[in-house]
Amino acid sequence: MATQLALTAAGFDGRHRYGRLDAVAIPSRIDIEAAAARLDGRIRRTPTVEIEASDLGVAGGPRSLLLKLEHLQHAGSFKARGALNALLDSDRTGGEVVAASGGNHGVAVAWAARVVGRAAHIFVPEIAAPAKIERLRELGAVVHQTGADYGEALAASDRFRVGRDLTTVHAF
């Protein structure tokens, strides 16, 4: 209840530009520690590098920046953590997985599904980058390219779920 009150006080009413989010949960320290334990040994520990802020044109702030090189993570982004954690934390350990994505989330879900031995259906908009679609297929995902944008691909994935026993991994 406190979380919901804080979100309401901050002006969040559960709406998102791509539709209504049914629930917003802020993870507790216990949740974070449990996720870390689930992911231990399955996710790369990506390096950090410190650079001068001025190298990026940042003025008036910190003199140096610490960058986490998440492009070296499985699936090429930080999203691998969330996708794999979602599947490992799911009540369901079998069946197919579905997700809608503009790119990186779909690749992460396809990778995570492959890791846990599940088939993945990834919905992407018609404007999705050919390299992302190719990577999704390399990871074994069934790619559904539909809709003019992410919102339409998400709606198509929602329609696809109806009457099917699927685990959804939402991008948000």
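Residues numbered from 1 in each chain as written. Predicted model: local features only at pLDDT ≥ 70, side-chain atom pairs only at ≥ 80, totals over all residues. Heavy atoms only, no water.

Looking at the sheet that holds strand S7 (residues 142-145)
Taken in spatial order, the four strands make up an open sheet running S7-S6-S5-S8, and their pairing is parallel. Looking at strand neighbours, the two that pair on one side only are S7 and strand S8 (166-168), the edges of this open sheet. Across the sheet, the mean angle separating the axes of adjacent strands is 25° when strand polarity is ignored. Pairing geometry for strand S5 (residues 96-100) and strand S6 (residues 120-124), over four bridges, is parallel. Bridging across to S6, valine 97 finds its partner in alanine 120. Running over the sheet, helix H5 (residues 130-138) touches S6 and S7 and is turned about 150° from S7. (Pairing = 2+ DSSP bridges. Helix = DSSP H or I, 4+ residues; strand = E, 2+ residues; numbered from the N terminus. Axes fitted to C-alpha atoms, helices over the stretch in contact; angles between N-to-C directions. Contact = heavy atoms within 4.5 Å.)

Remarks on the side chain of asparagine 85
With respect to the helices and strands, asparagine 85 occurs in helix H3 (residues 79-89). Assessed through its relative accessible area of 17%, asparagine 85 is described here as buried. (Buried < 20%, exposed > 50% of the residue type's maximum accessible area, 1.4 Å probe, protein only.)

Quick look at the pattern of salt bridges
Two side chains of opposite charge can pair, provided their charged atoms sit close to one another. Following the criterion strictly, the structure yields six salt bridges and no others. The partner of glutamate 33 in a salt bridge is arginine 29, and the shortest N-O contact between them spans 2.9 Å. Of this pair, glutamate 33 and arginine 29 both sit in helix H2 (residues 29-39), separated by four residues, roughly a single helical turn. Since its relative accessible area comes to 44%, glutamate 33 is described here as partly exposed. Relative accessible area serves as the criterion here: at 65%, arginine 29 is assigned to the exposed category. (Salt bridge = Lys/Arg side-chain N within 4 Å of Asp/Glu carboxyl O.)

Focus: the nonpolar core
Val109, Trp111, Ile122, Val124 and Leu136 are the most contacted members of the largest nonpolar core, which totals 26 residues. Of all the secondary structure elements, the ones that give two or more residues to this core are H3, S5, helix H4 (104-115), S6 and H5. Excluding residues within four positions of it along the chain, valine 109 makes contact with Ala83, Val97, Ala99, Ile122 and Val169. The next biggest cluster of nonpolar side chains, apart from the first, holds nine residues, and it includes Ala100, Tyr150, Leu154 and Ala156. (Core = buried A, V, L, I, M, F, W, Y, C linked by side-chain atoms within 4.5 Å.)

Quick word on H4
An ideal rise of 1.5 Å per residue puts 16 Å on twelve residues; H4 measures up with 17 Å between its terminal C-alpha atoms. When you tally the buried positions in H4, you get nine out of twelve residues, the bulk of the element. Listing the buried residues of H4 in full gives His105, Gly106, Val107, Ala108, Val109, Ala110, Trp111, Ala112 and Ala113. Tucked into the core, H4 has its buried residues touching H3, S5, S6 and H5. The positive-phi residue at the C-terminal boundary of H4 is glycine 117, with phi of around 75°. (Expected span 1.5 Å × (residues − 1).)

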